[in-house]
Amino acid sequence: MTVKEIFESMDYGPAPESAADALAWIVDQGAAFGQFINGTWTEPRQDFQSKNPANGETLADLTQASQDEIDAAVSAARKAQPKWEKLGGHGRAKTLYAIARLLQKHSRLFAVLETLDNGKPIRESRDIDIPLVQRHFYYHAGMAQLMESELPDAQALGVCGQIVPWNFPLLMLAWKVAPALAMGNTVVLKPAEYTSLTALLFADICHQAGVPAGVVNIVTGDGAVGEMITAHPDIDKIAFTGSTDVGRKIRQSTAGSGKALTLELGGKSPYIVFDDADIDSAIEGLVDAIWFNQGQVCCAGSRLLVQEGIADRFYTRLKARMDGLRLGNPLDKCIDVGAVVDPVQLQTITDMVSTNTDGETYHANVDMPVEGCFYPPTLITGLAPSARLMQEEIFGPVLVSTTFRTPAEAVALANNTRYGLAATLWSENINLALDIAPKLVAGVVWVNATNLFDAAAGFGGTRESGFGREGGWEGLAAYTKPKGATKPLKPLAALSGDKGPVDPLDRTPKLYIGGKQTRPDGGYSRAVYGKTGALLGQAPIANRKDVRNAVEAAQAAKGWSGTTGHLRAQILYYIAENLSARAGEFASRLNALTGGRSGAKEVDTAIQRLFTCAAWADKYDGQAHGVPIRGVALAMKEPVGVIGALCPDEAPLLGLVSVMAPAIAMGNRVVLVASDPFPLAATDFYQVLETSDVPAGVVNILTGPHGDLAKPLAGHMDVDALWSFSSTDLAATIERESAGNLKRTWVNNGAARNWSHDDSRAFLQASTEIKNIWIPYGE
Ligand code: NDP
């Protein structure tokens, strides 16, 4: 095309970026890569190839890591970890800063290599992926520097196994490696089989930046290598980004291993356009939401919901915009949509769309490249909310859509998904936007913008989009643990006896469900004896139907999550006041149950704990992140939902209160299973709740064997989180069963906790989920 022709047609001429330097780098490395272990490269083998999806050409030969190589990588990481941690925050900050500088220096090389390997347009890798990677390392250099002063009670987890997908190869690496190294961990990272090259260049950068041998290890291969990492006994934490199916498998396979786990999984994120939206901006936003990276984006705005009154106009303008998109050589700077990562992915997208018979399908009227993995931008309108393509992730440039009439319907449709990663909404009415944003079930909400990311604002999902956050202060929690050694928790058995009842009157307590005292479904109870062998009373034995009823009651008490911190604080103070009025009675009961003498102290500490949580109820607030846009990212702390908890055996009242109070202070509803051997303090306690204005269903109390109740609670799809502080080690059962709805779990792994020590912050953190709401400003 000549300049004259371009001038006359006003078409873009080609503006290709040269691939020469990136290809020369590959050739310099011998066009074949081994594993990067302990600071050196292993001998390469020709096990599989990395190809350019835009033209099918082979870029390099790669090596499938063997079990021996994984063992060597883990052992190098283990050996390097203590010294790396002891280097201190400043020492690590300097290294992370050096990495950031080198990433900046070689940014063009990284961008071109990423585009060659992945097929994404160079404009995206150059202007979005690589700058965000650098930003992540700068930001976390700062976190390393601040660790000692700001997180004095935190220490590194140890060796982290990290597994990333192919859609943002280097960016996902940065999201995982930067916080891990900042907090003093060492890593073994596996890039995706299709896109390993920038991770291998990153290994080279680590070498240049003086990262000590063994601190960063990069191993290549397919899912089998991922499995070797997740199964490795000497890894302390697994950080995984990928599909929900694989995430679920990893949750099951790591259950009971004691490994920490974060899962960043898939999504089917809603993109809501209200009738007062700036339509042109909303359409430009859609280009970024669904055609960015060919739609291969976990948080892609792939489900368009348009208000009915503007739907026809919106679709017409959207189709016109789609026709203007340019597909082609991803290295051309004038290209909007590049190549899909691999022929396998292209086939998946093609099959999903071609087998759909619902709605109306529109493929953009664009010139398609003659070779390579390209798929036209596609819009499917008129789908029912339950249609397969409205529910399942396509992971390609395909937008599905339906309409809504009212804001309430928009929220219902948006939340009608098993995922909860991100959501976008467009409206010129700030009141409407800020009313809707908190109602959307998603870890990130963008108002009048889309796909904004920054290291200072945590990213991550809820529901089947996984758990954990990457970025921000909240992301650090995934790479640290509390300082200090833990002690094993011995299983506590119930006391036995053969004497008669202390009180001849039969006072068999009941379960406490939905604000009512309820007989156990099975109709059974067990005798509870004191140290002297005297019968103290009968405790009901709950079964899975009681669990179901308690969860239903907790779900029905949703209104609690919408109450103010001030109201919740008042109710917690009131519980404390009523407990205090019966302190002597509770102290005697505790002494009788456990045979100890510390009942009075336990009651007093429980009252203090209630005060602490009442104090926090209106103070544990969110933040406004200073993200580099004209706008704010509001980090809102939201309740997790319904939390189940197996309460500690050894502190029958204090333990239950320490678990309940922070959870309800943050607006959660709870299903508590009382101390297994000493349940009667809990059944006395519901009388206190009954007199303290706690709304029905907010606190539900069951008694019975922890071992029997853990499984139905962990498997229940309407329980959002399950904690266990039981003296029976239930970690394996809970973590395995939780994979169904990927609920958050917090288990003690058989380690003791000092309940006299006030650790409310840890509980407040586990009781909340952070939602980042991005609000750009300006006309
Ligand atoms: P996969 O889950 O298939 O793969 C992700 C990574 O896990 C790859 O490195 C893969 O290896 C590896 N892997 C595959 N099987 C196993 C296994 N059994 N055990 C351990 N590791 C395994 O996802 P995709 O690569 O298909 O990526 C797309 C998915 O990732 C989408 O669902 C997307 O939504 C999600 N995603 C989520 C993000 C988030 O932040 N929430 C961000 C980006 C993507 P290999 O590829 O070599 O086979």
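Here the structure is a predicted model, which is why all the values come from computation and not from measurement.

## Remarks on the overall build of the chain
Counting its regular elements, the chain contains 26 helices and 31 strands. For 779 residues, the compact-globule formula gives about 28 Å, and the C-alpha radius of gyration of the chain, at 28 Å, lands near that figure. Viewed in the frame of its principal axes, the chain has a C-alpha envelope of about 105 × 60 × 45 Å. By the burial criterion, 58% of the 779 residues in the chain qualify as buried. For the chain, restricting intrachain contacts to residue pairs at least 6 apart in sequence, the fraction spanning at least 24 positions comes to 77%. Total accessible area on the chain stands at roughly 29,700 Å², and carbon and sulfur atoms take up 52% of it.

## Describing the site of the ligand
The full set close to the ligand counts 29 residues, and Val164, Glu193, Ser243, Leu265 and Glu393 are the nearest of them. Between the ligand and the protein, one listed contact pairs an oxygen atom with a backbone N or O atom of Val164 at 2.7 Å. At a separation of 3.4 Å, a nitrogen atom of the ligand approaches a polar backbone atom of Glu264. Secondary-structure elements contributing two or more residues to the shell around the ligand are helix H9 (223-231), strand E9 (237-241) and helix H10 (244-253). A per-element tally of the shell around the ligand places H9 first, with three residues. Here the residues of the shell around the ligand sort into 15 nonpolar, eight polar and six charged.

## Examining the side chain of Asp342
Note on placement: Asp342 falls in the loop between helix H12 (311-323) and helix H13 (343-354). One buried charged side chain, Asp342, makes no salt bridge at all; its nearest oppositely charged neighbour is Lys51, positioned 7.4 Å away. Setting aside residues up to four positions removed in sequence, Asp342 forms contacts with Pro53, Tyr194 and Cys373.

## Points about the pattern of salt bridges
Applying the stated criterion across every chain, the model contains 29 salt bridges. In this structure, Arg45 and Asp47 form a salt bridge, with 3.3 Å as the shortest nitrogen-oxygen distance. Across the pair Asp336 and Arg326 runs a salt bridge whose closest N-O atoms are separated by 3.6 Å. With Asp336 in the loop between H12 and H13 and Arg326 in the loop between H12 and H13, this pair connects stretches of sequence that are ten residues apart. Linked by salt bridges that have partners in common, Glu17, Arg108 and Lys333 make up one network.

## Some thoughts on the layout of surface pockets
The volume enclosed by the second largest pocket comes to roughly 1,300 Å³. Along the wall of the second largest pocket there are 41 residues; nearest its centre are Val441, Pro639, Val640, Gly641 and Asp720. Taken together, the elements giving at least two residues each to the lining of the second largest pocket come down to strand E25 (631-639) and strand E31 (768-776). Here the element with the most residues in the lining of the second largest pocket is E25; it accounts for four residues. Taken together, the residues of the lining of the second largest pocket break down into 13 nonpolar, ten polar and 18 charged.

## Side note on the sheet that holds strand E14 (residues 378-381)
Across a sheet, strands are paired by hydrogen bonds formed along the backbone, either parallel or antiparallel in direction. The ten strands are arranged E13-E14-E15-E12-E11-E16-E17-E31-E25-E24 in an open sheet whose pairing can be described as mixed. Where the open sheet ends on each side, the last strands, each with one partner, are strand E13 (360-363) and strand E24 (623-625). With direction set aside, neighbouring strand axes in the sheet form an average angle of 20°. Where H12 meets the sheet, it contacts strand E11 (270-273), strand E12 (303-307), E13, E14 and strand E15 (398-404), and its direction lies at approximately 140° from that of E12. Strands in contact with helix H15 (residues 407-414) are E11, E12 and E15; relative to E15, the strand with the most contacts, it is inclined by about 145°.

## Observations regarding the nonpolar core
The tendency in soluble globular proteins is for nonpolar side chains to be buried side by side. If you look at the biggest cluster of nonpolar residues, it comprises 117 residues, and the most contacted ones within it are Ile99, Phe137, Phe202, Val216, Leu304, Phe314 and Leu318. It is helix H7 (residues 169-182) that provides the largest number of residues to this core, a total of eleven residues. Look past the residues within four positions of Leu318 in its chain and what remains in contact with it is Ile283, Leu286, Trp291, Leu304, Leu379 and Leu399.

## With respect to the pairing of E12
Put simply, side chains in a regular strand alternate between the two faces of the sheet. Burial analysis of E12 places five of its five residues in the buried class, which makes it a mostly covered element. Of the pairings in the sheet, the one linking E11 to E12 comprises four bridges and is parallel in character. Across the sheet, residue Tyr271 finds its bridge partner in E12, namely Leu304. Crossover connection from E11 via helix H11 (residues 279-290) to parallel E12: handedness right-handed. Across five bridges, the pairing between E12 and E15 is parallel. Bridging from a neighbouring strand, Leu304 pairs with Ser401 of E15.

## Re the packing of helix H19 (residues 565-581) against helix H21 (residues 599-617)
Contact pair H19 / H21: the axes reach a minimum separation of 8 Å and the direction vectors enclose 170°. Taken as axis vectors, H19 and H21 run roughly antiparallel relative to one another. Both H19 and H21 take part in a crossing whose hand is left-handed. Note on element contacts: H21 touches H19 through Val603, Ala606, Ile607, Leu610, Phe611, Cys613, Ala614, Ala615 and Ala617, opposite Gly565, Arg568, Ala569, Leu572, Tyr573, Ile575, Ala576, Leu579 and Ser580. Class assignment for the residues of the contact of H19 with H21 results in 15 nonpolar, two polar and one charged.

## Description of the side chain of Lys237
Mapped onto the elements of the fold, Lys237 is located in strand E9. Of the side chains with opposite charge, Glu470 lies nearest to the buried Lys237, which makes no salt bridge, at 7.4 Å. Within polar-contact distance, the side chain of Lys237 engages the backbone oxygen of Ala478 at 2.8 Å. With sequence-adjacent residues up to four places away left out, Lys237 is seen in contact with Leu157, Val159, Cys160, Gly161, Ala260, Leu261, Thr262, Ala478 and Tyr479.

## Quick notes on the pairing of E14
Both faces of E14 are covered, namely the face carrying Thr378 and Ile380 and the face carrying Leu379 and Thr381. Note that E13 and E14 share four bridges and pair antiparallel. Residue pairing across strands places Thr361 opposite Ile380, the latter belonging to E14. Bridging between E14 and E15 involves three bridges; their strand directions are parallel. Note that in E15 the partner of Leu379 across the bridge is Leu399.

## Let's talk about the packing of aromatic side chains
A complete count under the given rule lists 24 aromatic pairs for this structure. Between the aromatic rings of Trp616 and Tyr620, the centroid separation amounts to 5.9 Å while the plane-to-plane angle is 85°, which identifies the pairing as edge-to-face. Relative accessible area serves as the criterion here: at 21%, Trp616 is assigned to the partly exposed category. Take Tyr620: its relative accessible area is 13%, and that puts it in the buried class. Site record: aromatic cluster; members linked through ring pairs are Trp723, Phe725, Trp746, Trp755 and Phe763. Directly above the ring of Tyr362 sits Lys319, whose terminal nitrogen or CZ lies 5.3 Å from the centroid. Between Lys637 and the ring centre of Tyr620, over which it is positioned, the NZ or CZ distance is 3.8 Å.

## Observations regarding the environment of Phe725
If you trace the backbone, Phe725 turns up in the loop between strand E29 (721-724) and helix H25 (731-737). For Phe725, a relative accessible area of 3% corresponds to the buried category. Sequence separation between Phe725 and Leu656 is 69 residues; the distance between their C-alpha atoms is 9.8 Å. Apart from the residues lying within four places of it in its own chain, the contact partners of Phe725 are Leu489, Leu646, Cys647, Pro648, Asp649, Glu650, Val659, Trp746, Asn748, Arg753, Trp755 and Phe763.

Rules of the game
- Residues numbered from 1 in each chain as written.
- Predicted model: local features only at pLDDT ≥ 70, side-chain atom pairs only at ≥ 80, totals over all residues.
- Heavy atoms only, no water.
- Helix = DSSP H or I, 4+ residues; strand = E, 2+ residues; numbered from the N terminus.
- Rg over C-alpha atoms; globule rule 2.2 N^0.38 Å.
- Buried < 20%, exposed > 50% of the residue type's maximum accessible area, 1.4 Å probe, protein only.
- Contact = heavy atoms within 4.5 Å.
- Areas by Shrake-Rupley, 256 points an atom, 1.4 Å probe, with all protein chains shown as cover.
- Near = heavy atom within 4 Å.
- Polar contact = N/O pair within 3.5 Å; in protein donor to acceptor, adjacent residues only side chain to side chain.
- Nonpolar A, V, L, I, M, F, W, Y, C, P; charged D, E, K, R; others polar.
- Lys, Arg positive; Asp, Glu negative; His and termini not counted.
- Salt bridge = Lys/Arg side-chain N within 4 Å of Asp/Glu carboxyl O.
- 1 Å grid on protein atoms, 1.4 Å probe; cavity = no way out; pocket = protein on both sides within 12 Å on 5 of 7 lines; lining within 4 Å.
- Points joined across faces, edges and corners; volume = space filled by probe spheres on them.
- Pairing = 2+ DSSP bridges.
- Axes fitted to C-alpha atoms, helices over the stretch in contact; angles between N-to-C directions.
- Core = buried A, V, L, I, M, F, W, Y, C linked by side-chain atoms within 4.5 Å.
- Right-handed = clockwise from strand over helix to strand, strands pointing away.
- Parallel < 35°, antiparallel > 145°, perpendicular 65-115°, else oblique.
- Left-handed = near helix turned anticlockwise from the far one by under 90°.
- Phe/Tyr/Trp six-rings, centres within 6.5 Å; stacked < 30°, edge-to-face > 60°.
- Lys NZ or Arg CZ within 6 Å of the ring centre and 35° of its normal.

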